[in-house]
4 protein chains.
Amino acid sequence: MRRFRNTSAGLQSGSAPHSQLFPPAEGVMLPPESFKNRVVFITGGGTGLGRAMATVLSQLGAQCVIASRKLDVLQQTAEDICSRTGNKVHALQCDVRDPQAVSHCVDQMTSLTGLPDVIINNAAGNFICPSERLSPNAWKSITDIVLNGTAFVTLELGKRLIQDQRGASFLAITTIYAESGSGFVAPSASAKAGVEALYKSLAAEWGRYGHRFNIIQPGPIKTKGAFSRLDPTGKFEKGMIDRIPTGRLGTPAELANLAAYLSSDYASWISGAVMRFDGGEYVSMAGEFNDLRRVTPDQWKMMEAMIRSTKGS
Amino acid sequence: MRRFRNTSAGLQSGSAPHSQLFPPAEGVMLPPESFKNRVVFITGGGTGLGRAMATVLSQLGAQCVIASRKLDVLQQTAEDICSRTGNKVHALQCDVRDPQAVSHCVDQMTSLTGLPDVIINNAAGNFICPSERLSPNAWKSITDIVLNGTAFVTLELGKRLIQDQRGASFLAITTIYAESGSGFVAPSASAKAGVEALYKSLAAEWGRYGHRFNIIQPGPIKTKGAFSRLDPTGKFEKGMIDRIPTGRLGTPAELANLAAYLSSDYASWISGAVMRFDGGEYVSMAGEFNDLRRVTPDQWKMMEAMIRSTKGS
Amino acid sequence: MRRFRNTSAGLQSGSAPHSQLFPPAEGVMLPPESFKNRVVFITGGGTGLGRAMATVLSQLGAQCVIASRKLDVLQQTAEDICSRTGNKVHALQCDVRDPQAVSHCVDQMTSLTGLPDVIINNAAGNFICPSERLSPNAWKSITDIVLNGTAFVTLELGKRLIQDQRGASFLAITTIYAESGSGFVAPSASAKAGVEALYKSLAAEWGRYGHRFNIIQPGPIKTKGAFSRLDPTGKFEKGMIDRIPTGRLGTPAELANLAAYLSSDYASWISGAVMRFDGGEYVSMAGEFNDLRRVTPDQWKMMEAMIRSTKGS
Amino acid sequence: MRRFRNTSAGLQSGSAPHSQLFPPAEGVMLPPESFKNRVVFITGGGTGLGRAMATVLSQLGAQCVIASRKLDVLQQTAEDICSRTGNKVHALQCDVRDPQAVSHCVDQMTSLTGLPDVIINNAAGNFICPSERLSPNAWKSITDIVLNGTAFVTLELGKRLIQDQRGASFLAITTIYAESGSGFVAPSASAKAGVEALYKSLAAEWGRYGHRFNIIQPGPIKTKGAFSRLDPTGKFEKGMIDRIPTGRLGTPAELANLAAYLSSDYASWISGAVMRFDGGEYVSMAGEFNDLRRVTPDQWKMMEAMIRSTKGS
Ligand SMILES: NC(=O)c1ccc[n+]([C@@H]2O[C@H](COP(=O)([O-])OP(=O)(O)OC[C@H]3O[C@@H](n4cnc5c(N)ncnc54)[C@H](OP(=O)(O)O)[C@@H]3O)[C@@H](O)[C@H]2O)c1
Ligand SMILES: NC(=O)c1ccc[n+]([C@@H]2O[C@H](COP(=O)([O-])OP(=O)(O)OC[C@H]3O[C@@H](n4cnc5c(N)ncnc54)[C@H](OP(=O)(O)O)[C@@H]3O)[C@@H](O)[C@H]2O)c1
Ligand SMILES: NC(=O)c1ccc[n+]([C@@H]2O[C@H](COP(=O)([O-])OP(=O)(O)OC[C@H]3O[C@@H](n4cnc5c(N)ncnc54)[C@H](OP(=O)(O)O)[C@@H]3O)[C@@H](O)[C@H]2O)c1
Ligand SMILES: NC(=O)c1ccc[n+]([C@@H]2O[C@H](COP(=O)([O-])OP(=O)(O)OC[C@H]3O[C@@H](n4cnc5c(N)ncnc54)[C@H](OP(=O)(O)O)[C@@H]3O)[C@@H](O)[C@H]2O)c1
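Residues numbered from 1 in each chain as written. Chains lettered and ligands numbered in written order. Predicted model: local features only at pLDDT ≥ 70, side-chain atom pairs only at ≥ 80, totals over all residues. Heavy atoms only, no water.

(A) Main features of the site of ligand 2. In the neighbourhood of ligand 2, 27 residues make up the surrounding shell, with B:Thr47, B:Leu49, B:Ser68, B:Arg69 and B:Thr223 lying closest. The site occupied by ligand 2 is bordered by residues of chains A and B. One of the backbone nitrogen or oxygen atoms of B:Asn122 is found 2.7 Å away from an oxygen atom of ligand 2. The protein chains hide 93% of the 860 Å² of surface that ligand 2 would expose on its own. Put simply, the parts of the chain that give the shell around ligand 2 at least two residues each are α1 (48-59) and α7 (224-230) of chain B. No other element matches α7(B), which puts three residues into the shell around ligand 2. (Near = heavy atom within 4 Å. Polar contact = N/O pair within 3.5 Å; in protein donor to acceptor, adjacent residues only side chain to side chain. Areas by Shrake-Rupley, 256 points an atom, 1.4 Å probe, with all protein chains shown as cover. Helix = DSSP H or I, 4+ residues; strand = E, 2+ residues; numbered from the N terminus.)

Below, the structure written as structure tokens:
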């Protein structure tokens, strides 16, 4: 049972008072060893949300392979996680934009761990920019990572798994604006929408090979990578929190528990699904009359009287 | 070719300057007599958008039947339209919440005009209210009209048309928040979502009987019926216009042209479709970063510099 | 690591061979006592999926209240669950179509357990029928339970929780055809779509009161209630399994784990979300070219040659 | 008034009998000169749907510029249309995958006609193929045209129009599987989903510059370009027609009327909208129980009796 307390102790800084009614549960959720003998491959696993997912899956017994461009960052993360969980974490350099690099990375993984049971397409690039300032190269700098990179990783691993007659669970991290689009991040919106369509397509097509494909659409979760390029001045955060019904940002650990669930056998009947994970931000923005939350009880009384007195159309 | 002019002459009052680049074309769009020998049935056809649709369809040669609760209002509208277009308009009293009244109304129509070729479910009720203030009766006052009313009309006419082996085009007027939901209008959101599902269901099921089912989701269009109950103080209009990309409200005549198109043979391959008609309001609200339109060019320069200087994740 | 085995031992009867790559994990997923000191209210909790959810939540420490029309069925279920889990399960008679019955039921619950922390709107009615055979009463027999029933329960509990300044998690069980609609179950499609809009509306509106609202859209899960009315002859099951990418039906225990997750603090940042839970059936049906799974490798070779030899448009 | 006739004279070959209740109206719909003094730019305008749109817009008074790779095809089309309508049609070679070619093409157009008032992104590539057979190059061969090509054209024209303070209407031709995804055409599904997100993003962002962005999602319309690569053997057409509620394929002229409407001032309040144009195919595929259309009236009687006799859940 949970009520408003008179204190905001323990609130994330900047959070709304009612966020105390939505406290994050950040411990590992799944039963221990849920991923024992499982190999997990995570792109962009060295930082931010990728790192958080690798950590939880490693805690659950998985052997993780994390891959991105910066080998030093990956290695440091691998070491940190492994020293905490006792399970091996492998760091592989891989620029997902390059199909040959992807193929080479999978070769290396194959000798290290064998093919993966769980694949998480998490690597991405993004920055805010008015669309009229985007050069063709700026456009491609995002779509090449997010859409082509995801496709190259998915097709390469898919082919090899199919050849080996092995099943796997694929997860992609997209965003709440993949469906609605959003100004000022158009390349990211397009590329993430493309990823979602790819995943839904393969969920239908590759089920017969034992593959599942699911999607998480996160709302704002504070990571250096995302916030330094999406809220460089730090001024937009308050506005986000204001419109998020749960009154706070999400945490990497919460996302990681959801990702672990969707990648686990507990979710083996979930495929082609899209899970919004955003504290309610999307529905709050999209609903035409939600700004009426600013109306006070007294104003409501007055408006109700006016509405009642309306006659006819 | 259209450019910004230095004058706002001719703008709707309250519209943004750039709305001059989106001038409404309010003349009748379809070729004359497009609805000659066609019978059109419109619920709520005495006022607002229903009246506008009846007017345009009558101008295009249709014989219209308009039905709602207030017979005097309907009769006045019928007379007005008929005197303008020279085509017959029939007024029938009908409370769509009552299946027997609906059946009786269809009986009357059958003797007056025969069964309709075009059916427009436009009648509705709505008002803004915090959901915790809704009684069960308040809930039902909306859903009974919007969802049950639409269903009773649609099932009654559908059955008779099927029995007579006659095709028809059905159109429903819902709202942009039918999919997203919206606080403060929850009964309307639910009922309109129900209408959309009904229409999509029947588009699939009753095609074999010659029936098409389509949906228009309007954004804000100034009618007395809608605005007196959704913006009683007149204070919200500015906020809506601010976030509508085309910088103005829609007009009844624009909606009527779209409705005429979807109800005409030009659209005979359109079924199960949902057409948002809102000046872009929905995508503008829903996209997470659209508030950045408030950022000035100078601020963009500064932010771009900050983003570029970010290193790593 | 999971490969095709040469045996189909352990497959659900009727399942496709590749479903062995998607084995259900049916043990309880969340940590023990995740719902300790929590009160859970489930409509339709005496049978089928409702019973499965009550069982898992009770295993996790919750005190459950299950409510529907048949008190004897509820009492038997309550006893069964309690004897298995050792936690109290209360049975309350309640026809959700009747607002007074709902209010009375909540009164009773208040004295038994206090207001709930978790509410699951699971009660429903449904049957297959060509829409032209539906009477107004048949239409209302479904929408009154599903849409009005859900609204009455939600508004009644919401108001009281708000008054007590207490947060809660709401979950609704809808269906994969709520968004797409479906012929032959139009009343259910409409009512479930209405429930989804209600939940999204309240997710946005009532976050400030500490309430979350989420939705699960199940695909086919064999329960007596659903299958006796949706597949009375048992002939459609094979067709469903054929098009479900994971090659099998879902199980009540899998759904219950998902429901427990969404109702738990692990999901406290999830609100306004819709989770499809269907083995991939929806994307498989909806994608225009998915029937090409019937094409054999040899036929592909031939078609590829034909496509390659095409010149121009 | 339209009833089933006893003859199938005039039916498209292969169409279902009830398609006579959905006859295509193929004459030009908009008032003459609706596009007088307007410049229209259409990619892929030399063939198929692009050619049909150019024809109708030219008939309505527009000066058209059509652009794609094959200059000879474009020139022949330009001549054909111009000789029919009397309005100038310009043919420009342009591979949309190449940003420099796009920029050069726009330069040429600027001297020929000035910047366009209407832009239609219609160029595309597609072919059916199991995803496990796709090489990275095959993937890129589609996404480079469809997604990057659309982006390059849109950004280039957008920038110049913004600089000139001129409004324009943008239209993209996507597909019904952009949202749902589809196996066997995954690159096309992804790229088209990306186009939709781009358009919705810009609808929100560039409204202030006088730009509208809308989308048509066609179902199957017989063009050489599409059908030779999507149904090379001609065997799938029957299956499509079977599940299309209107019982026939769409025609290029019908699509062209819709495209003209959305590009005209009659639609100046439509932006960020997605119009499905598919004879109802999408809802028919997606709805879980739509296959019950195969059940005969006698079988329904039997099933209704079985359902009625069911007791309890
Ligand atoms: N945080 C949020 O609020 C939020 C919200 C919505 C969605 N998301 C999504 O969540 C995911 C993780 O984001 P994050 O917040 O954790 O930010 P992040 O720390 O910047 O993560 C992005 C990762 O992608 C990797 N990456 C970038 N380009 C790559 C390339 N070419 N090849 C391989 N890897 C590459 C980066 O590593 P290297 O630099 O070493 O290559 C980095 O580890 C992204 O998909 C993002 O779109 C985040
Ligand atoms: N205007 C907007 O901004 C807007 C936006 C989105 C959607 N819409 C939709 O557009 C449609 C028309 O709205 P409007 O703006 O034109 O408002 P309106 O003038 O108030 O139209 C509503 C009509 O419904 C009729 N009606 C109400 N209850 C009825 C009943 N029980 N039986 C039969 N008819 C009934 C009313 O006539 P009686 O009083 O004579 O019964 C009235 O003519 C509605 O469906 C509305 O939801 C409007
Ligand atoms: N099983 C599936 O494949 C499937 C698929 C999609 C969605 N669903 C959804 O899952 C939920 C559970 O279905 P199920 O398969 O478990 O079938 P079920 O056993 O028939 O469950 C329906 C429950 O609703 C209760 N109920 C019906 N009318 C009621 C009323 N007026 N007031 C209160 N309770 C009422 C019934 O109890 P009483 O008879 O005692 O009132 C029954 O316990 C439903 O919402 C259903 O739509 C199921
Ligand atoms: N027909 C259908 O059933 C259907 C269904 C859904 C969607 N669509 C969409 O409708 C649009 C038109 O298709 P369609 O059926 O008319 O087929 P189509 O005749 O093959 O049209 C495709 C056009 O795109 C042009 N194109 C291809 N690559 C290009 C490039 N790199 N640069 C510039 N132009 C290029 C082609 O011209 P060049 O070869 O000269 O470059 C051709 O004119 C496409 O977007 C398609 O996806 C069609």
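Text resumes after the structure shown.
(B) Seen up close, the interface of chain D and chain A. With 39 residues of chain D at the contact, the number on the chain A side is 39 residues. Of the roughly 3000 Å² buried between chain D and chain A, counting both surfaces, carbon and sulfur atoms make up 62%. Counting across the chain D and chain A interface gives zero salt bridges. For the pair chain D and chain A, the number of links is 20 residue pairs in polar contact (both at pLDDT 80 or more). Those elements that place two or more of their residues in the side of chain D that touches chain A are α4 (136-163), α5 (177-180) and α6 (186-205) of chain D. Within the side of chain D that touches chain A, the residues separate by chemical class into 21 nonpolar, 11 polar and seven charged. (Contact = heavy atoms within 4.5 Å. Buried area = accessible area lost by both parts, 1.4 Å probe. Salt bridge = Lys/Arg side-chain N within 4 Å of Asp/Glu carboxyl O. Nonpolar A, V, L, I, M, F, W, Y, C, P; charged D, E, K, R; others polar.)

(C) A look at the relation of the copies chain C and chain A. Once chain C is rotated about the relating axis by 180 degrees and shifted along it by 0.0 Å, it coincides with chain A to within an RMSD of 0.0 Å. A rotation of that kind, with that shift, is consistent with a two-fold axis. Taken together, the interface assignments show that 100% of the residues at the interface of chain C recur at the interface of chain A, consistent with an identical surface on both copies. (Least-squares fit on C-alpha atoms with pLDDT ≥ 70 in both.)

(D) The arrangement of the side chain of B:Thr246 in detail. Note on placement: B:Thr246 falls in the loop between α8 (237-243) and α9 (252-263). Ignoring sequence-local partners within four residues, the contact set of B:Thr246 consists of B:His18, B:Ser19, B:Phe22, B:Gly279, D:Ser268 and D:Trp269.

(E) Representation of the site of ligand 3 within the structure. Near ligand 3 there are 27 residues, and of these C:Thr47, C:Leu49, C:Ser68, C:Asn122 and C:Thr223 occur at the shortest range. The environment of ligand 3 is shared, with nearby residues belonging to chains C and D. With respect to ligand 3, the side chain of C:Arg69 contributes an N or O atom lying 2.7 Å from an oxygen atom. Within the side chain of D:Ser313, one N or O atom sits 2.9 Å away from an oxygen atom of ligand 3.

(F) How the structure looks around the interface of chain C and chain A. Every contact between the two is made by 64 residues of chain C and, on the other side, 64 residues of chain A. Of the roughly 5300 Å² buried where chain C meets chain A, counting both sides, 60% is carbon and sulfur surface. Sorting the residues of chain C by area buried against chain A places C:Met29, C:Tyr266 and C:Trp269 first, and these three jointly supply 17% of that buried surface. In this assembly, chain C and chain A are joined by 18 residue pairs in polar contact (both at pLDDT 80 or more). Of all elements in the fold, only α6 (186-205), β6 (211-218), α9 (252-263), β7 (273-277) and α10 (281-286) of chain C reach the threshold of two or more residues within the side of chain C that touches chain A. Residues that form the side of chain C that touches chain A fall into these classes: 30 nonpolar, 19 polar and 15 charged.

(G) Quick peek at the confidence of the model for chain A. Of the residues in chain A, 96% have a pLDDT of 70 or more, and the chain-wide mean is 95. Confidence metrics for the complex model read pTM 0.97 and ipTM 0.97. (pLDDT = per-residue confidence, 0-100.)

(H) Geometry of the relation of the copies chain D and chain A. Superposition of chain D onto chain A requires a rotation of 180 degrees combined with a translation of 0.0 Å along the rotation axis, giving an RMSD of 0.0 Å. When the interface residues of chain D are mapped onto chain A, 100% of them again fall at the interface, so both copies present the same face.

(I) Broad picture of the packing of α1(B) against helix α2 (residues 71-85) of chain B. All names here are of chain B. At a closest axis distance of 9 Å, the pairing of α1 and α2 adopts a crossing angle of 30 degrees. When the axes of α1 and α2 are compared, the pair comes out roughly parallel. α1 and α2 meet at a crossing whose hand is right-handed. Facing α1, whose interface residues are Arg51, Ala54, Thr55, Ser58 and Gln59, α2 presents Thr77, Asp80, Ile81, Arg84 and Thr85. For the contact of α1 with α2, the per-class residue count stands at two nonpolar, five polar and three charged. (Axes fitted to C-alpha atoms, helices over the stretch in contact; angles between N-to-C directions. Parallel < 35°, antiparallel > 145°, perpendicular 65-115°, else oblique. Left-handed = near helix turned anticlockwise from the far one by under 90°.)

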